[in-house]
Amino acid sequence: MSTATSESIQAFTAAAFSTPDKFTEFCANGGKPLGGIIGGKSVSGSMNATFQSTDPGSQEVLATVCEMGEAEVAAAVDVAQKAFASWKDTPLEDRIALVNKLVQLCDRDRDVLLACEIRDGGKVSELAEGDFTQIRECAEYFSSVAQKIAMGDGAAMKVGDGVKGYTYREPWGVVAGIIPWNYPIVLTSWFIFPALLSGNTIIIKPAEDTPLSALYIANLAAEAGFPPGVINVVPGRGEITGQCIAEHPGVRYISFTGSPGIGQHILRICDRHGTRMKREMGGNGSAIVLDDADPELVARTVGRYVNQHFGQTCCTIHRVYVDKKIADPFIDAQKAFMEDLTIGYQADEGTQLGAVVNPTQQRRILQAQSETVSRGGEVLLSGGVAEVSGRDGFYIKPALYRTEPGVDCNPKEVFHTFATVCPVDSAEQALQLANSSPYGLGASVWTPDLDRGVALAKQFRDGTCQVNCHNSVAYGLPYGGQGISGGPGGGVNCEDTFLDYTQVKAVYVADYPG
Ligand code: NAD
Ligand code: MN
């Protein structure tokens, strides 16, 4: 039985954060732009192009970064292929020891990595600190999975007279991770640890808005003793650097996390030359609140998950279906919670809603707010641009709309503190509406009746089905999407994830004829 009172349920909140000198020095890089990391060397790139990574809450330029083009992607594939020859045969215990050393160095430089997340990514400390813990948890989980899953030869079976057969499991070779900007440290960890521990060499393509953590982690990996070429980082724009990765046939496997449109585009390219792929994509998360729920308590909890990373979380709740019997007090409480969010600079104490990551996102969100109204959403909180005194960032107010079944005013992922609330007649109606979306990442049911909640939750067309919680992630359980939110691939953070980074061949051996 929960002992939470509604006042104890708060939005994710910032503590004051002061930027460590080591982060500032890393960014300044002695006055030179930060290069990509290819074969253990810092590379400025043949395009002579750079881009700036900024703090979204202040528009301060944090670092200038070199953009990697076709030649650099080709060079990264080449060094990664060469490094693969010995990395795949490096004993597992040695790979695990290197991973452990890398995790220790991340712990040593926790403040620097928090600065990457808070300053470069625009995140509040409460979330950034939680994200940081994923480095160790993910590394430890996949180290244990790697010890459990047999690589190499499977058990032989007799397949005919004088013929035996068995499976042979091996890493792909060169694997690339294409990462979005919203959870850079988490998603880099979720990619690198299973990919490396299963014996692949890797290329990381960080998002153009948040290149710093991947570059920093690659430096730490070199310090830890990873051989050159095992971990490469190619910063740059998606349509340039990312596209070159997708088009390079030497990349055997791609792990993509990002939007469905880009994921679909990359899959089509990869399919032309036989590169395999796993995809973790966007969502339009729903929550169903049953008639027996406490409207205020649940409205505040739902509000917390509408606002997680200012709504820039893949499985954020954006669609709420609440039983008519409790709809009025629920909507009042959710509105009050969202209205009371402290809008401010993400590194200032008390901030709960900071700036969105870039001007394109701001434009998209403001446009989506007006589209919601023109599609029939009734405004409860109107959104619009917010001002934060002394800060030049892309700040937007929260948006909340009341809607009704049949009014389709929230059809696509809006990456902000943005939600529609729809009063419904029954749980069945709520389920049908929740499942009418093409997305299928995560959904939740809220009720004190756990049996009823579970029975309903299992009927979601989503990869993550939750009762009285949302945005849940645990190692050992797959985190993946149905519909346009995911696949192929077995999701992240489970044994299937590890298997995704391997391929299986069938080997037949017959007695020599005669
Ligand atoms: P995005 O799809 O625009 O970009 C993701 C990555 O793909 C970036 O590194 C980008 O540079 C790269 N890219 C862009 N165009 C490319 C191309 N033509 N070829 C190759 N690479 C290209 O997504 P975003 O805006 O950075 O991230 C937000 C999206 O990610 C949202 O939809 C969010 O829900 C989703 N997401 C999903 C998960 C999950 O686990 N399912 C987690 C986090 C974010
Ligand atoms: Mn940035």
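Keep in mind that what you see is a predicted model, and the values were worked out from it rather than measured.

Draft legend 1. A look at the overall build of the protein chain. Regarding its fold elements, the protein chain presents 15 helices and 22 strands. Relative to its length of 514 residues, the protein chain is compact, with a C-alpha radius of gyration of 24 Å against a globular reference of 24 Å. In terms of overall dimensions, the protein chain has a C-alpha envelope of 80 × 65 × 40 Å along the principal axes. Counting every position in the protein chain, which comprises 514 residues, the buried fraction comes to 58%. Excluding contacts between residues fewer than 6 apart, the proportion of contacts in the protein chain whose partners are at least 24 apart in sequence is 73%. As displayed, the protein chain has an accessible area near 20400 Å², and 51% of this comes from carbon and sulfur atoms.

Draft legend 2. Representation of the pattern of salt bridges. According to the stated counting rule, one finds 27 salt bridges in the structure shown. Ionic pairing is found between Lys-123 and Glu-117, a salt bridge with its closest N-O pair at 2.9 Å. In this structure, Lys-123 and Glu-117 share a single accessibility class: buried. Taking the shortest distance from any N to any O, the salt bridge between Arg-391 and Asp-348 comes out at 3.8 Å.

Draft legend 3. Spotlight on the domain arrangement of the protein chain. Parsing the protein chain into structural domains produces domain 1 (33-282 + 480-506) and domain 2 (284-438 + 442-467). Each of domain 1 and domain 2 has a C-alpha centre, and these two points are 31 Å apart. Where domain 1 abuts domain 2, roughly 2100 Å² becomes buried across the two surfaces, and 54% of that area is made up of carbon and sulfur atoms. Across the salt bridge formed by Glu-126 and Arg-304, the nearest N and O atoms sit 3.4 Å from each other. For the pair domain 1 and domain 2, the number of links is twelve residue pairs in polar contact (both at pLDDT 80 or more). A breakdown of the residues in the side of domain 1 that touches domain 2 according to their chemical character gives eight nonpolar, ten polar and five charged.

Draft legend 4. Focus on the layout of surface pockets. Empty space within the largest pocket amounts to approximately 1200 Å³. As for the largest pocket, its lining consists of 45 residues, of which Trp-181, Gly-258, Ser-259, Ile-262 and Arg-364 are closest to the centre. Secondary structure elements with two or more residues in the lining of the largest pocket: helix H6 (184-197), helix H8 (238-247), strand E11 (253-257), helix H9 (260-273) and helix H12 (359-374). The element contributing the most residues to the lining of the largest pocket is H12, with five residues.

Draft legend 5. Local environment of the site of ligand 1. In the vicinity of ligand 1 there are 29 residues, among which Ile-179, Lys-205, Glu-208, Ser-259 and Glu-413 approach most closely. Within the side chain of Ser-259, one N or O atom sits 2.6 Å away from an oxygen atom of ligand 1. Computed on the free molecule, ligand 1 has an accessible area of 840 Å², of which 91% lies beneath the protein chains in the complex. Of all the elements in the fold, those that place two or more residues in the shell around ligand 1 are H8, E11 and H9. Of the residues contributing to the shell around ligand 1, the split by class is 15 nonpolar, ten polar and four charged.

Draft legend 6. Spatial organisation of the sheet that holds strand E20 (residues 464-467). The strand order E15-E16-E17-E14-E13-E19-E20 describes an open sheet built from seven strands, whose pairing is mixed. Edge positions in the sheet fall to strand E15 (378-382) and E20, since each of these pairs with one other strand and no more. Going across the sheet, the axis of each strand differs from the next one's by a mean of 15 degrees, ignoring polarity. Two elements, E15 and strand E16 (residues 399-402), share four bridges in a ladder whose sense is antiparallel. Residue Glu-378 lies in a different strand from E16, and its bridge partner there is Arg-402. In the packing of helix H10 (residues 295-306) onto the sheet, contacts are made with strand E13 (285-289), strand E14 (317-323), strand E17 (418-424) and strand E19 (442-446), and the angle to E14 comes to roughly 165 degrees.

Draft legend 7. View of the pairing of E17. With respect to burial, E17 is a largely interior element, seven of its seven residues being buried. Of the two faces of E17, the one holding Phe-418, Thr-420, Cys-422 and Val-424 and the one holding Ala-419, Val-421 and Pro-423 are both buried throughout. Where E14 and E17 come together, five bridges link them in parallel fashion. From the neighbouring strand, Arg-319 faces E17, where its bridge partner is Thr-420. Alignment of E16 against E17, held across four bridges, turns out to be parallel. Across the sheet, residue Leu-400 finds its bridge partner in E17, namely Ala-419.

Draft legend 8. A look at the side chain of Asn-471. Counting through the fold element by element, Asn-471 comes out in the loop between E20 and strand E21 (482-483). Polar side-chain contacts of Asn-471 include one of 2.4 Å to the side chain of Gln-308. The contact partners of Asn-471, leaving out residues within four places of it in the chain, are Tyr-305, Gln-308, Thr-313, Cys-315, Thr-316 and Gln-466.

Draft legend 9. The packing of helix H3 (residues 92-108) against H6, seen in detail. Where H3 contacts H6, the axes come no closer than 10 Å and their chain directions differ by 160 degrees. Compared by their axis directions, H3 and H6 come out roughly antiparallel. In this structure, H3 contributes Leu-92, Arg-95, Ile-96, Val-99, Leu-102 and Val-103 to the contact, and H6 contributes Ile-192, Phe-193, Leu-196 and Leu-197. Residues of the contact of H3 with H6, tallied by class, amount to nine nonpolar, no polar and one charged.

Conventions we followed
Residues numbered from 1 in each chain as written. Chains lettered and ligands numbered in written order. Predicted model: local features only at pLDDT ≥ 70, side-chain atom pairs only at ≥ 80, totals over all residues. Heavy atoms only, no water. Helix = DSSP H or I, 4+ residues; strand = E, 2+ residues; numbered from the N terminus. Rg over C-alpha atoms; globule rule 2.2 N^0.38 Å. Buried < 20%, exposed > 50% of the residue type's maximum accessible area, 1.4 Å probe, protein only. Contact = heavy atoms within 4.5 Å. Areas by Shrake-Rupley, 256 points an atom, 1.4 Å probe, with all protein chains shown as cover. Salt bridge = Lys/Arg side-chain N within 4 Å of Asp/Glu carboxyl O. Domains from an automatic or database assignment. Buried area = accessible area lost by both parts, 1.4 Å probe. Polar contact = N/O pair within 3.5 Å; in protein donor to acceptor, adjacent residues only side chain to side chain. Nonpolar A, V, L, I, M, F, W, Y, C, P; charged D, E, K, R; others polar. 1 Å grid on protein atoms, 1.4 Å probe; cavity = no way out; pocket = protein on both sides within 12 Å on 5 of 7 lines; lining within 4 Å. Points joined across faces, edges and corners; volume = space filled by probe spheres on them. Near = heavy atom within 4 Å. Pairing = 2+ DSSP bridges. Axes fitted to C-alpha atoms, helices over the stretch in contact; angles between N-to-C directions. Parallel < 35°, antiparallel > 145°, perpendicular 65-115°, else oblique.

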